[in-house]
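# Coordinate analysis (summary)
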Amino acid sequence: MSDKMKAYIDEAESALLHTYNRYQVVLDRGEGVYLYDMDGREYLDFVSGIAVFALGYNNQEYNDALKAQIDKVIHTSNYYYNVPAIEAAKKLKEISGMDRVFFTNSGAEAVEGAIKAARKYAYNKDGSTDHEIIAMNHSFHGRTMGALSVTGNPHYREAFEPLIGNIKFADMNDLESVKAQITDKTCAIMFETVQGEGGIYPATREFMEGVRAICDEKDILLILDEIQCGMGRTGYMYAWQKYGVKPDIMTTAKALGCGVPVGAFLLNEKVGKASLVAGDHGTTYGGNPLACAAICKVIELFEKEHILENVQTVSVYLEEKLDCLAAEYDEIETRRGAGLMQGLVFKKPVGEIITRALDAGLILINAGTNIIRFVPPLIISKKDVDDMIDILRKCL
Ligand SMILES: *Cc1c(COP(=O)(O)O)cnc(C)c1O
């Protein structure tokens, strides 16, 4: 490592609040599926900023769209209309089949909005303020107080208690455990269609259909968090589309802006017309023209560059290759995931392998201590998969 890069890392450790144990690299620029550090070293990137940069780095058309918007106007206010936000909302409705859109600045804020919409819907029905939400163990919904309240990981939550109340936890893919938590106060059931941080667990069809049926029967709202698994990652625009099980409320972020910080929560018409109204919710930045110009171009490029088709083909290849590794190495327990959101489950912590991979020019990340997570840019080719496997093999 150059002295210059080392100096920046030292500076970072004295200036930034130490909320991350960072890898010892200063990333400087990107091109396609590659990132480059300050010293010009190349890294094959199988993280894409944690499921964010779906289109690959330095996509010219995306960059040009942002530059054009910067030259027009970056921010106005939600008290006025702006064309990018209107067009982004229209496109988001088209790809999701949902009916109402609220733009946020992050995933966590989308989760906050989803919780508020569910509570308001229930409040409008009976005027009471003691409604309950059922979330899942091992879930991850973000770091703000509301999102943390529905995050099923005691380690993330404990020091920040008391969080918002009336949250119950059930087990993902265990319908009986969900039923056991339901009371006449339950207003929503929420989970990630594919659990990300918690260990890459896709929902089973039985669970999706079972929860939807319970929700329909009792007028409970189904909230799906598609922040990580959405935007094409599983080969569908939204992961729930594979199951044909539609949520009442959904959240989206990460790849939505492909690097511009933006998220959204979306409602169906039933919730849209009987929950949040003027004065109930707001945001200064959310849905500003720059962020929404990014969304518009991202959705446009998804179609133009046949992103879903690429995910569907390359992910089959990636699964095959990871399954081979799992069969070959004793220390690997199994592979699981959906599309280009895969986890290789080890019998031991994976931190050391990830550090070794970085040294060898491959960026990987964990999910929990024992799982290597693969969430590459959605434009990767079979050749990129081969290159990744070659490097990973050397690190095992
Ligand atoms: C990343 C993530 C969030 C939080 O998003 P932020 O933009 O970091 O606030 C919420 N839910 C899921 C499933 C995520 O993966």
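The structure presented is a predicted model; accordingly, all values stated were derived computationally and were not measured. (Residues numbered from 1 in each chain as written. Predicted model: local features only at pLDDT ≥ 70, side-chain atom pairs only at ≥ 80, totals over all residues. Heavy atoms only, no water.)

It is worth spelling out the side chain of Thr186 at this point. Tracing the backbone through its elements, the reader meets Thr186 in strand β7 (residues 186-192). A distance of 2.9 Å separates a polar atom in the side chain of Thr186 from the backbone nitrogen of Thr183. The residues touching Thr186, leaving out its near neighbours within four places in the chain, are Glu132, Ile134, Gln181 and Ile220. (Helix = DSSP H or I, 4+ residues; strand = E, 2+ residues; numbered from the N terminus. Polar contact = N/O pair within 3.5 Å; in protein donor to acceptor, adjacent residues only side chain to side chain. Contact = heavy atoms within 4.5 Å.)

To continue, consider the domain arrangement of the chain. If you check the domain split of the chain, you get domain 1 (3-55 + 306-395) and domain 2 (61-304). Here the C-alpha centre of domain 2 lies 26 Å away from the C-alpha centre of domain 1. Contact with domain 1, which involves 27 residues of that partner, is made by 27 residues of domain 2. Carbon and sulfur atoms supply 65% of the area buried between domain 1 and domain 2, which totals about 2,200 Å² over both sides. Taken as a group, Leu55, Arg336 and Met341 account for 28% of the area that domain 1 buries against domain 2, more than any other trio of residues on that side. Put simply, domain 1 and domain 2 have one salt bridge between them. Measuring nitrogen to oxygen at the nearest pair gives 3.2 Å for the salt bridge that ties Glu197 to Arg373. Viewed at the interface, domain 2 and domain 1 are joined by 12 residue pairs in polar contact (both at pLDDT 80 or more). Within the residue set of the side of domain 1 that touches domain 2, elements represented by two or more residues are α2 (48-51), α12 (307-328), β13 (332-338), β14 (341-346) and β17 (371-374). When residues in the side of domain 1 that touches domain 2 are grouped by element, the largest group, four residues, is from α12. (Domains from an automatic or database assignment. Buried area = accessible area lost by both parts, 1.4 Å probe. Salt bridge = Lys/Arg side-chain N within 4 Å of Asp/Glu carboxyl O.)

Another point: the sheet that holds β14. Across the sheet, four strands lie side by side as β13-β14-β17-β16; this open sheet has antiparallel pairing. The outermost strands of the open sheet, each flanked by one partner alone, are β13 and β16 (365-366). Two elements, β16 and β17, share two bridges in a ladder whose sense is antiparallel. Its bridge partner being in β17, Asn366 is matched across the sheet by Ile372. (Pairing = 2+ DSSP bridges.)

On inspection of all chains with the given rule, the structure shows 23 salt bridges. Residues Glu61 and Lys297 are paired through a salt bridge, measuring 3.1 Å at the closest nitrogen-oxygen approach. Of the two residues, Glu61 sits in helix α3 (residues 60-72) while Lys297 sits in helix α11 (residues 289-304), which places them 236 residues apart along the sequence. Note on Lys297: relative accessible area 13%, which makes it buried. Of the charged contacts, one joins Asp280 and Lys120 as a salt bridge, the two residues approaching to 2.5 Å between their closest N and O atoms. With a gap of 160 residues between them, Asp280 in the loop between α10 (269-272) and α11 and Lys120 in helix α5 (residues 107-126) connect regions that are remote in the sequence. One continuous salt-bridge network, built from bridges that share partners, spans Glu61, Lys297, Glu300 and Lys304. (Buried < 20%, exposed > 50% of the residue type's maximum accessible area, 1.4 Å probe, protein only.)

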